[in-house]
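Examination of the molecular architecture
Single-letter residue listing:
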Amino acid sequence: QVQLVESGGGLVQAGGSLRLSCAASGSTFSINDMGWYREAPGKQRELVAVITSGGRIHYANSVKGRFTISRDNAKNTVYLQMNSLKPEDTAVYYCAADSRVRRYWGQGTQVTVSS
C-alpha cells in the first residue's frame, strides 16, 4: 500500500503562485509515475501534470508554461509549482502515484484563485 500526503493548497489572487507538495509512504518502491490531477465542481477530474521515475514530464495544455512539476525520488515526493494562477485553475488538486497496475490517490487539496 502507498499513502500520499499533500500540502500547499490555499487561496491566492489571480497572478499569484502556490507550491503543492505530495509525499508518498508505504510501498514506495513500486511507484513508477507521480502526478497531479484537478477536479472543479461539476467537472471531470483532469490530468494536470505527470512525471515518471526517469524524469519524463507531460503537462495539460492549459497549464503549460505556468506550472512546473518536479520530483525528489529520494524523498518520494512530487511537487507542483503553480505560477500565474488564473481563476479557472480553481479546483481540488489530487496527488496521484502509479505502480504498473495500481493508482493511488491523495486526499485532495483545495486551490482557490480569486479574480
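Residues numbered from 1 in each chain as written. Predicted model: local features only at pLDDT ≥ 70, side-chain atom pairs only at ≥ 80, totals over all residues. Heavy atoms only, no water.

Side note on the overall build of the protein chain
Where we set the bar: Only DSSP runs of H or I with at least four residues qualify as helices, and only runs of E with at least two residues qualify as strands; both kinds are numbered from the N terminus onward. Categorising residues by exposure relies on relative accessible area from a 1.4 Å probe, with only protein chains included: less than 20% of the type maximum marks a residue as buried, more than 50% marks it as exposed, and the intermediate range marks it as partly exposed.
For the protein chain, the helix and strand inventory stands at zero helices and eleven strands. When the helices and strands of the protein chain are read in sequence order from the N terminus, they spell out β-β-β-β-β-β-β-β-β-β-β. Here the C-alpha coordinates of the protein chain stretch approximately 40 × 25 × 20 Å along the principal axes. With 115 residues in all, the protein chain has 43% of them scored as buried.

With respect to the state of the cysteines
What counts is decided by this rule: When the sulfur atoms of two cysteines come within 2.5 Å, that pair is taken as a disulfide.
Counting across every chain of the model gives one disulfide. In this model Cys-22 forms its disulfide with Cys-95; the gap between the sulfur atoms is 2.0 Å. Handedness here is read from the sign of the S-S torsion; for Cys-22 and Cys-95, about -85 degrees, the answer is left-handed. You can see Cys-22 sitting in strand S3 (residues 18-26) and its partner Cys-95 sitting in strand S9 (residues 91-98), a full 73 residues away along the chain.

A short note on the pairing of strand S4 (residues 33-39)
The condition that has to hold: Two strands pair if DSSP finds at least two bridges between them.
The buried count for S4 comes to five of seven residues, which makes it a mostly enclosed element. Strand direction decides the pairing type here: S4 and S9, joined by seven bridges, are antiparallel. From the neighbouring strand, Asp-33 faces S9, where its bridge partner is Asp-98. A loop of six residues connects S4 with strand S5 (residues 46-51), the two strands running antiparallel in sequence, and Gly-42 in this loop sits at a positive phi of about 75 degrees.

Observations regarding unusual backbone geometry
Of note, Asn-76 is a non-glycine position whose phi angle comes to about 50 degrees, a positive value. Mapped onto the elements of the fold, Asn-76 is located in the loop between strand S7 (67-72) and strand S8 (77-82). For Asn-76, a relative accessible area of 24% gives the class partly exposed. With a phi close to 50 degrees, Ser-84 is a non-glycine residue in the positive phi region. Following the sequence through the fold, Ser-84 ends up in the loop between S8 and S9.

Observations regarding the nonpolar core
Proteins that are soluble and globular tend to have nonpolar side chains buried together. Stated formally: Remark: nonpolar core denotes a set of buried residues (Ala, Val, Leu, Ile, Met, Phe, Trp, Tyr, Cys) joined through side-chain atoms within 4.5 Å. The contact criterion used is simple: two residues touch if any of their non-hydrogen atoms lie within 4.5 Å.
Among the nonpolar cores identified, the biggest contains 29 residues, and Leu-4, Met-34, Trp-36, Leu-80, Met-82 and Tyr-93 are the most heavily contacted of them. Elements represented by at least two residues in this core include exactly strand S1 (2-7), S3, S4, S5, S7, S8, S9 and strand S11 (109-114). The contacts of Leu-4, once residues within four sequence positions are left out, are Cys-22, Ala-23, Ala-24, Met-34, Cys-95, Ala-96, Ala-97, Tyr-104, Trp-105, Gly-106 and Gln-107.

As for the sheet that holds S1
This is how the line gets drawn: Fitting a line to C-alpha atoms yields each axis, with helices limited to the stretch in contact; the angle taken between N-to-C directions then spans 0 to 180 degrees.
An order of S1-S3-S8-S7 is seen for the four strands of this open sheet, with the pairing classed as antiparallel. Each edge of the open sheet carries a strand with a single partner, namely S1 and S7. Here the strands of the sheet are splayed against their neighbours by 15 degrees on average, with no regard to which way each runs. Examined bridge by bridge, S1 and S3 share six bridges and lie antiparallel to one another. Looking across to S3, one finds that Val-5 is bridged to Ala-23.

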